Amino acid sequence: MSAAAAAPPCAAPAERPVLRERGQHEVFCGLTGIVWLHRKIQDAFFLVVGSRTCAHLLQSAAGVMIFAEPRFATAIIDERDLAGLADCNAELDRVVTQLVERRPDIKLLFLVGSCPSEVIKLDLSRAAQRLSRQLAPAVRVLNYSGSGIETTFTQGEDACLASLVPEMPAEPGTARSLLVVGALAEVVEDQFQRLFAALGVGPVRFLPGRRAADLPPVGTGTRFLLAQPFLGDTARALESRGATRIAAPFPLGAEGTTRWLAAAAAVWGTSPEKLRAATAGGEARARQAMAPHRERLAGQSVFFFPDSQLEIPLARFLSRELGMRLVEVGTPYLHRAHMAEELALLPEGTFLSEGQHVDRQLDRCRAAKPDMTVCGLGLANPLEAEGMTTKWSIELVFTPIQGYDQAADLAGLFARPLVRRARLEV
Amino acid sequence: MQLAVWTYEGPPHVGAMRIATAMEGVHYVLHAPQGDTYADLLFTMIERRAKRPPVTYTTFQARDLGGDTAELFKEAARDACARFQPQLLLVGASCTAELIQDDPGGLAKTLGLSIPVVPLELPSYQRKENWGASETFYQIVRACCTPHLPAPGTRRAPRAEGAKPRCNVLGPAALGFRHRDDVAEVRRLVEAMGIEVNVVAPLGATPADIARLGEAEFNVVLYPEIAGQAASWLKRSFGQPHTTVTPIGVGATRDFCAEVAQLAGVALPAEDDRLRLPWYSRSVDSTYLTGKRVFIFGDATHAVAAARVAAAELGFEVVGLGTYSREFAREVREAAKRHGVEPLITEDYLEVERAIQAVQPELVLGTQMERHIAKRLGIACAVISAPVHVQDFPARHSPQMGVEGANVIFDSWVHPLVMGLEEHLLSMFREDFEFHDEARASHLGAGARVPLELGSEVVPLAQPVPAPATVTPHAVAGGPVAWGKDAEEELRKIPFFVRGKARRNTERFAQDRGIATITVETLYDAKAHFSR
């Protein structure tokens, strides 16, 4: 495997056919990203400017999984605000002042746009500038959109990180540095730090940082690796600051992690021997740990409903490292450039779909009778009740799954529903 | 604009979904952007429903706004009718679609559908979930019953000789607090009086069942928040009287039975001997419940009922009473006056938190939000009302209403409290290092209320020693094991609830292999070894 990883990825395949669907999208909007981003950036606060529906979504999406003191809230627009826009801005200032008084620990405030705020054309970027001036230097105010008419689920993180890019300090000179982009669990960041150190790749920085003030510098020397597959806008913003993307598959599974590290190592001119020395241990450990899961999963078929844009890298991992058969790989949005290395690794003839018509996709899924269906929370129990085995996709976003030492955990997430089904006699 | 951290109620279209999902043969086409589909998970995850809610969302995107969102709506409505074959179609808009003013009702009319279409006007920026549920149920009842309206001035035909009196049971919906079980209890109560249940609605009813509502003599209203409006319309249109007492608690259940007996013109039967609350409350063990200070917050029906049960049936002292249902503020104000407290009418969770902190109750009866507040403040709590959580849909029968409801209430409000003798011992030996007011209840084992890092107190550990990260020093297998500083730090990054297991496994792994000092590598080697 290491030898394969050191070699350049397969030649770009012929344009793969993709079924493009338009119909009911059974997906979250970008506001949902707040649920993990507010835990990641620990002195940031997310204020959604929206409706009761937005507040209810955040609470319901979060309430299923966590119920802790939140660093997010909603400024609920009411009928008085809809009467006149000037009033709306004054109201927003009042709410923000109230919030900042109550939470003096806030250093960075995101005003997050929603469907209603976009439809009434409430200009949150102007509001953010105005409030930033008023609240400086204690609080910085930024804005991005998490609306369902603009963003799907993980695109909220993309929009949030893209809003941070103009705030990053400029890196003087052209000395090379590596920026790892995308929210990762801290334990995963630390593992990657050690691996990059062993590869002689550095200095290494992460976006987002753990504190609002920890924004890494960016400049023409910056090379960046995407740790998440849904960061199209953030990548574009970084490129406009002079940074260069390192094309790579995503660090899921032993193979994905090695290829991801190898892509950075190639830029730094790390020797193949050094690459092998640094990665062989982790890779072998990952394979050893995945072996029992592979026994359970090999030969089983899997069907992906679109959710987080992680579907294609996950499908590649499941098919190449665990021997699963791909029935359909649905993704909400297919970024061909960022996904090129992943697509090249998918088995020939993999059925890809982009967008969604949920009823037609359910028809295909029922007809195919896959051994495992990866889907959102709205579909999982109804499909289980029909006798199908499901894996809720949202868990894949909230669990550390990247890197060698999480590869078996990731495999375990897929194995568990099958193990459970086999165990139960009721 | 209003700052909201948590909300007690969702938007009104979620209320409409609760009615549509409760019923059979109804489909709801909702003009809404894609994110609004989150509402499905309320039903499939929180309530564990085995079917998707019967809702089609148009899920328009920004690029559709310039084009024809109205056409998108028509297409979605046509497809939904063809695919799901409903007997009745609800159409409406969520908050965003309300702003683009496509008029779903008017659009649906142009489709020439062969089934009745009920347009829902639910103003999202003024109203909330319960109002939306109430309005939706009312509109469905009106649409289905209007064709069967008696001619003006006609009198209800007298009951046939030997026929049982009949009633409808109105109000139970999807995502309601214990609605499923309350229906079973109330059915038992009225059937014990020789009364027949004509239709239960909306839960489990079809549009055809709704059309038969007028055949009953009277209506039993379980939740005025949902069924009050429909019941008053039925009273005006069909001359059906309805009940006004919600049978939560012993006294209210007795009053309810008396009211039903009077409406049906039947004799009141003897009380069910399954009723245990009165004796449990009188037994000496319950003496310690006397005067326990209780704070109550929830929807109006459950809050008002809880206050009566708390004061008159458990001997508690009500120190706070409030609701988030502004539509029913009057009822709560009256009840608060009876209990001599200031009513708290608010949708602001932070205001409720401040009120609880101010009165320092010994028990909080509230929603999931108050459960969270109480947990933070270390106060005992029981949930009495929506908004709900997955735990509020227990597998067992667990009603709030009727005879068994009263028994369930006794158990679920009393068990969170510190038990009688334990309370005495706590106050006698305040300084005891194991047995103090920060201690967990004794049946949970010794320890602090704040959970300790699991496992850390179980395994005696050598002092961490600094170790070179790349070398693993070897020692005799089975010998003592130490943690390197970096490994110890790495271990701390593992979530606390599995950290103890990780620590034990790593130490066992190291011991078996004669590794004297655990490094980060050992930690992950062990993780890989035990991973299966």
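Residues numbered from 1 in each chain as written. Chains lettered and ligands numbered in written order. Predicted model: local features only at pLDDT ≥ 70, side-chain atom pairs only at ≥ 80, totals over all residues.

When its secondary structure is counted, chain A shows 18 helices and 14 strands. Whereas a compact globule of 426 residues would reach a radius of gyration of roughly 22 Å, chain A reaches 22 Å, a difference of no more than 12%. Taken along its principal axes, the extent of the C-alpha atoms in chain A is 60 × 55 × 40 Å. Residue burial in chain A is summarised as follows: out of 426 residues, 55% are buried. Sequence-distant contacts in chain A: of pairs separated by 6 or more residues, those separated by 24 or more amount to 76%. (Helix = DSSP H or I, 4+ residues; strand = E, 2+ residues; numbered from the N terminus. Rg over C-alpha atoms; globule rule 2.2 N^0.38 Å. Buried ≥ 20, exposed ≤ 12 C-beta atoms within 10 Å, placed from the backbone. Contact = placed C-beta atoms within 7 Å.)

So, about the overall build of chain B. Summing up its helical and strand segments, chain B has 21 helices and 15 strands in all. In chain B, buried positions account for 48% of the 532 residues. Considering only residue pairs separated by 6 or more positions, chain B has 69% of its internal contacts joining residues 24 or more positions apart.

Now for the sheet that holds strand E8 (residues 218-221) of chain B. Residue and element names in this part refer to chain B. The three strands are arranged E7-E6-E8 in an open sheet whose pairing can be described as parallel. Of all strands in the sheet, those bounded by a partner on one side alone are strand E7 (196-201) and E8. Mean inter-strand twist for the sheet, computed between neighbouring axes without regard to direction, equals 25°. Direction of pairing for strand E6 (residues 166-170) relative to E8: parallel, over a ladder of four bridges. Looking across to E8, one finds that leucine 170 is bridged to valine 221. Against the sheet, helix H10 (residues 224-238) contacts E6 and E8, and its axis sits at roughly 165° relative to E8. (Pairing = 2+ DSSP bridges. Axes fitted to C-alpha atoms, helices over the stretch in contact; angles between N-to-C directions.)

So, about helix H1 (residues 12-22) of chain B. The element H1 of chain B is largely enclosed, with a buried count of eleven among its eleven residues. Among the residues of H1 of chain B, those classed as buried are Pro12, His13, Val14, Gly15, Ala16, Met17, Arg18, Ile19, Ala20, Thr21 and Ala22 of chain B.

Moving on: the confidence of the model for chain B. Residues and elements named next belong to chain B. In the predicted model, chain B carries a mean pLDDT of 88, and 87% of its residues have values of at least 70. This model gives residues 435-439 a pLDDT under 50, and the stretch forms ten contacts once residues within four places in sequence are excluded. Here residues 441-475 scores under 50 on pLDDT; set against residues more than four positions off or in separate chains, the count is 62 contacts. As a predicted assembly, this complex carries a pTM of 0.89 together with an ipTM value of 0.92. (pLDDT = per-residue confidence, 0-100.)

The interface of chain B with chain A comprises 51 residues on the first partner and 56 residues on the second. At the level of secondary structure, the elements contributing two or more residues to the side of chain B that touches chain A comprise strand E1 (2-4), helix H2 (39-46), strand E3 (55-57), helix H3 (62-66), helix H5 (95-100) and helix H21 (520-530) of chain B. With five residues, the single largest contributor to the side of chain B that touches chain A is H2 of chain B. Across the side of chain B that touches chain A, the residue classes tally to 23 nonpolar, 16 polar and twelve charged. Here strand E3 (residues 72-76) of chain A pairs with E1 of chain B via three bridges, running antiparallel. (Nonpolar A, V, L, I, M, F, W, Y, C, P; charged D, E, K, R; others polar.)

Attention now goes to the domain arrangement of chain A. When the parts of a complex come together, some accessible area is lost, and that lost area is often used as the size of the interface. According to the domain assignment, chain A consists of domain 1 (3-25 + 286-425), domain 2 (30-151) and domain 3 (177-267). For domain 1 of chain A versus domain 2 of chain A, the separation of C-alpha centres amounts to 33 Å. (Domains from an automatic or database assignment.)

Residue and element names in this part refer to chain B. Here alanine 382 lies in strand E13 (residues 380-383). The exposure class of alanine 382 is buried, given the 21 C-beta atoms found within 10 Å. Taking C-alpha positions, alanine 382 is 39 Å from leucine 88, a pair spaced 294 residues apart along the chain. Ignoring any residue separated from it by four or fewer positions in sequence, one finds alanine 382 in contact with Leu365, Ser412, Trp413 and Pro416.

Residue and element names in this part refer to chain B. Locating isoleucine 140 in the fold gives a position in helix H7 (residues 129-145). A C-alpha to C-alpha distance of 13 Å links isoleucine 140 and glycine 92, two positions 48 residues apart in sequence. Ignoring any residue separated from it by four or fewer positions in sequence, one finds isoleucine 140 in contact with Ile19, Val118 and Ile210.

So, on to the pairing of E13 of chain B. All names here are of chain B. Residues Ala380 and Ala382 of E13 are buried on one face, and the alternating residues Cys381 and Val383, pointing to the opposite face, are buried as well. Strand direction decides the pairing type here: strand E12 (residues 363-366) and E13, joined by four bridges, are parallel. By the bridge assignment for E13, valine 364 is matched with cysteine 381. You can see the chain leave E12, run along helix H16 (residues 368-377) and come back into E13, and the turn it takes is right-handed. (Right-handed = clockwise from strand over helix to strand, strands pointing away.)

Since one α-helical turn is 3.6 residues long, residues separated by three or four positions face the same way. All names here are of chain A. Over its 14 residues, helix H9 (residues 186-199) runs 20 Å from end to end, which matches the ideal 20 Å to within 8%, given 1.5 Å per residue. Burial in H9 covers these residues: Glu189, Gln191, Phe192, Leu195, Phe196 and Leu199. With its buried residues spanning 160° around the axis, H9 presents them on a single face. On its buried face, H9 is in contact with strand E6 (177-181), strand E7 (204-207), helix H11 (253-268), helix H12 (272-297) and helix H18 (404-423). Positive phi shows up at glycine 200, right after H9, with a value of about 75°. (Expected span 1.5 Å × (residues − 1). Arc of directions from axis to C-beta.)

What follows is about the packing of H7 of chain B against H10 of chain B. Describing two packed helices takes the angle between their axes plus the distance from one axis to the other. All names here are of chain B. Taken N-terminus to C-terminus, the directions of H7 and H10 make an angle of 30°; their axes are 7 Å apart at the nearest point. Considering the angle they form, H7 stands roughly parallel to H10. Judged by the sense of rotation from one axis to the other, the crossing of H7 with H10 is right-handed. Counted together, Asn130, Ala133, Ser134, Phe137, Tyr138, Val141 and Arg142 of H7 and Glu225, Ile226, Ala227, Gly228, Gln229, Ala230, Trp233 and Leu234 of H10 form the full contact between these two elements. The residue inventory of the contact of H7 with H10, partitioned by class, reads nine nonpolar, four polar and two charged. (Parallel < 35°, antiparallel > 145°, perpendicular 65-115°, else oblique. Left-handed = near helix turned anticlockwise from the far one by under 90°.)

The next thing to look at is the sheet that holds strand E8 (residues 222-226) of chain A. Residue and element names in this part refer to chain A. Taken in spatial order, the four strands of this open sheet run E7-E6-E8-E9, and their pairing is parallel. Taken across any chain shown, the strands that pair with only one partner, and hence form the sheet edges, are E7 and strand E9 (244-245). In this sheet, E8 lies alongside E6 in parallel orientation, the contact comprising five bridges. Looking across to E8, one finds that serine 177 is bridged to threonine 222.

A cis amide bond, omega -5°, links glycine 202 of chain A with the succeeding residue proline 203 of chain A. Along the chain, the position of proline 203 of chain A falls in the loop between H9 and E7. That bond from alanine 201 of chain B to proline 202 of chain B is cis: its omega, 0°, falls within 30 degrees of zero. Checked against the element boundaries, proline 202 of chain B lands in the loop between E7 and helix H9 (207-211). A positive phi angle, close to 40°, is found at phenylalanine 153 of chain A, a residue other than glycine. Along the chain, phenylalanine 153 of chain A falls in the loop between strand E5 (140-145) and helix H8 (155-164). Residue classification places phenylalanine 153 of chain A among the buried residues on the basis of 31 C-beta atoms within 10 Å. Of note in this structure, arginine 48 of chain B is not a glycine but carries a positive phi near 55°.

Let's shift gears to the nonpolar core. Most often, soluble globular proteins have nonpolar side chains that are buried together. Leu47 and Leu225 of chain A together with Ile296 of chain B are the most contacted members of the largest nonpolar core, which has 281 residues in total. Ranked by residues supplied to this core, first place goes to helix H13 (residues 300-313) of chain B with eight residues. Among residues more than four places away in sequence, those in contact with leucine 47 of chain A are Ala73, Ala75, Val96, Leu99, Leu109, Phe110, Leu111 and Val112 of chain A. (Core = buried A, V, L, I, M, F, W, Y, C linked by C-beta atoms within 7 Å.)

On to the confidence of the model for chain A. A low pLDDT means the predicted coordinates there should not be read in detail. For chain A, per-residue confidence averages 92 on the pLDDT scale, and 94% of positions sit at 70 or higher. Residue range residues 1-12 of chain A is modelled with pLDDT below 50. Its contacts to residues more than four positions away, or to other chains, number 22 contacts.

Turning our eyes to something else, we now look at the packing of H1 of chain B against H7 of chain B. Residue and element names in this part refer to chain B. Look at H1 against H7: their axes get within 6 Å of each other, and the N-to-C directions meet at 50°. Classified by the angle their axes make, H1 and H7 are oblique. The handedness of the crossing between H1 and H7 comes out as right-handed. Counting all contacts with H1, which are made through Pro12, His13, Val14, Gly15, Ala16, Arg18 and Ile19, the residues of H7 involved are Glu129, Asn130, Trp131, Gly132, Ala133, Thr136, Phe137 and Ile140. Residues belonging to the contact of H1 with H7 are distributed by class as follows: eight nonpolar, five polar and two charged.

Residue and element names in this part refer to chain B. Along the polypeptide, isoleucine 46 turns up in helix H2. Under the C-beta neighbour-count criterion, isoleucine 46 is labelled buried, with 20 such atoms within 10 Å. Separated by 344 residues in sequence, isoleucine 46 and valine 390 place their C-alpha atoms 4.4 Å apart. In contact with isoleucine 46, not counting residues within four places along its chain, are Leu175, Val388, His389 and Val390.

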